[in-house]
Structure formats: C-alpha cells, structure tokens
Amino acid sequence: DGDSPLSATPVHLYATPGNFIAMLTGKNATCTDTAYKNIIVDAPANGYGFALSPHEICMGESVRLESADDSTLSYLRYNWGDQNTLVTEDKIVQHAYDQAGVMPVSLTAVFRVCPEQQYTDTVKVHALPVVYLGPDTSICLHGAPVVLTSRVPRQPGEQYRWSNGAETGTIEVRHEGSYKLTVINEHDCANSDVVEVNKDCY
C-alpha cells in the first residue's frame, strides 16, 4: 500500500480493506531474494442485520428470515428460540413453529476474519383453537337427529364454521355423511375436526 519499512520484523496497520500483495526483499553481499504474500484485509460489517417476517403467526406457519449479503461472510448460525438451530451459508431461510409462545430469534454472522456479530428479534406464535367433535357416530334415517357440537368449550372471540354452512355452536344431523367444524380464534388461527355419521338402524 506504499509503505516500505526497512526493519527485519515490521508491524504494519492497513487503513483500508482490500487485497494487498506484500513483498519482502532480502539481500546480503552477494545474493538477493524476494518473497511475496497475499494479504486480505476485511472491513468490519457494521450494521449487517437481518429482516424477519412476519412477526406474528399461528402454530404450523413459517417465518422468513433474510440476512444481508457480505463477501467476507463465512457462515450464518440461526437460533429459532424453540430449541432448533441451523448453520448454513444461505441468506434466506424459513422456519415453521409447532409450539406457541414468544420465540427469541437470533442470527450470528461469522465472518472470515472480523469478529462475529449477533442480531436478535422475536416472533409471536399463537396457539391453534382446540376442537373435538367426539368419535364417529351412527344415525337411523327418519329417526331422531344427531346433535353435533365441539366437546371443548367455546372461547371468547372464536368463530364456528360448519361444512354445511352453519356458524352456530351446534348442528342437527339427519343424514349420513362427513361433517367438519372449523374453529377460528381471535388471531385468525384455525383448526378443524371431522366426524363421520354412518347409517345404522339396528
């Protein structure tokens, strides 16, 4: 970089990043020899960071994490906050959650030379509503109807949507078939259960 010390053991501080070829020439009364060494100088990745989206999901859904691009990066270490980790060179990754809670997400960027840097964010994972229609049942055509309802108490803010279009807490079934109840909670998280109603008069 233009500095040419005459010391046998010089110490040199590079002021700018780049690719430098250092040359050492040694000579005595009769001989001269020259050696070269390539020196790569990296700059610290200030404000590297990442983008996490979305910040609120339902169980079973995924978040997308995109980190910045840097030529001096060796690898990335992701910690999803649910005891799952990932070590990769990929800058864009996804992760699905199978448990509810506030998950602390962290990214550790490990660079070629410069110190590693860590970044954190959180994602809120909402639980799915609980719905259970009970075991399959039977009905006798033209007999008493079967009343279907979720055996789990309805929570505030939950919406019911039956496969026959009803939005009530219970339905009366007079014909055999497959009946599904979808429950949607206040966070738009949905869960369903299906019961089979068979024909049996005996």
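Just so we're clear, the structure is a prediction, and the values are computed from it rather than from any experiment. Residue positions are counted from 1 within each chain, in the order its sequence is given. Under the rules for a predicted model, residues below a pLDDT of 70 receive no local features and side-chain atom pairs below 80 are neither given nor counted, while totals for whole chains, interfaces and linings still include all residues. No hydrogens and no water enter the side-chain calculation; it runs on all heavy atoms of the structure.

Attention now moves to the overall build of the chain. The helix and strand labels rest on DSSP assignments: H or I over at least four residues marks a helix, E over at least two residues marks a strand, and numbering proceeds from the N terminus. When you go through the chain residue by residue, the secondary structure sums to zero helices and 16 strands. The globule rule is 2.2 Å times the number of residues to the power 0.38, and the radius of gyration it is compared with is taken over C-alpha atoms. A compact globule built from 202 residues would reach a C-alpha radius of gyration of about 17 Å, whereas the chain, at 32 Å, exceeds it by more than 25%. Three exposure classes are used, based on accessible area relative to the maximum for each residue type with a 1.4 Å probe and protein chains only: buried under 20%, partly exposed in between, and exposed over 50%. Expressed as a percentage of the 202 residues in the chain, the buried residues total 30%. Considering only contacts in the chain between residues 6 or more positions apart, those separated by 24 or more positions represent 49%. Using the Shrake-Rupley algorithm and a 1.4 Å probe, accessible areas are obtained, with residue cover drawn only from the displayed protein chains. Of the roughly 13100 Å² that the chain leaves accessible, carbon and sulfur atoms contribute 50%. Positive charges come from Lys and Arg alone, negative charges from Asp and Glu alone, with His and the N- and C-terminal ends not counted. A single reference atom marks each charge: NZ on Lys, CZ on Arg, CG on Asp, CD on Glu. Mean positive and mean negative side-chain charge positions of the chain (13 and 25 charges, respectively) differ by 2 Å. In what follows, residue pairs with any heavy atoms lying within 4.5 Å of each other are defined as contacts.

To continue, consider the pattern of salt bridges. The working definition used for a salt bridge is a side-chain nitrogen of Lys or Arg within 4 Å of a carboxyl oxygen of Asp or Glu. As enumerated under the stated definition, the model contains five salt bridges in all. Salt-bridge contacts for R112 lead to D42; the nearest nitrogen and oxygen are separated by 2.7 Å. Here R112 is found in the loop between strand 9 (101-111) and strand 10 (117-126), whereas its partner D42 is found in the loop between strand 2 (32-41) and strand 3 (50-53), with 70 residues between them in sequence. Judged by relative accessible area, which is 15%, D42 ranks as buried. With a closest N to O distance of 3.3 Å, R174 and E172 form a salt bridge.

Ordered in space as 4-10-9-6-7, the five strands form an open sheet in which the pairing is mixed. What marks the edges here is a single partner per strand, and that holds for strand 4 (56-58) and strand 7 (85-88). Going across the sheet, the axis of each strand differs from the next one's by a mean of 25 degrees, ignoring polarity. Here strand 6 (residues 73-79) runs beside strand 7; their pairing, made up of four bridges, is antiparallel. Pairing of L76 across the sheet is with T88, part of strand 7. In this scheme, strands are said to pair when DSSP sees at least two bridges between them. To obtain an axis, a line is fitted to C-alpha atoms, over the contacting stretch when the element is a helix, and the angle between two such axes runs from 0 to 180 degrees between their N-to-C directions.

Burial along strand 12 (residues 146-149) is one-sided: V146 and L148 are buried, and none of V147 and T149, which face the opposite way, are. Pairing between strand 12 and strand 14 (residues 170-173): four bridges, direction antiparallel. Each residue of the ladder has a partner; that of V147, found in strand 14, is E172.

A few words on the pairing of strand 13 (residues 159-162). Alternating positions in strand 13 separate cleanly, Y160 and W162 being buried on one face and Q159 and R161 remaining unburied on the opposite face. The sheet contact formed by strand 13 and strand 15 (residues 177-184) spans four bridges and is antiparallel. Opposite W162, over in strand 15, you have L181 as the bridge partner.

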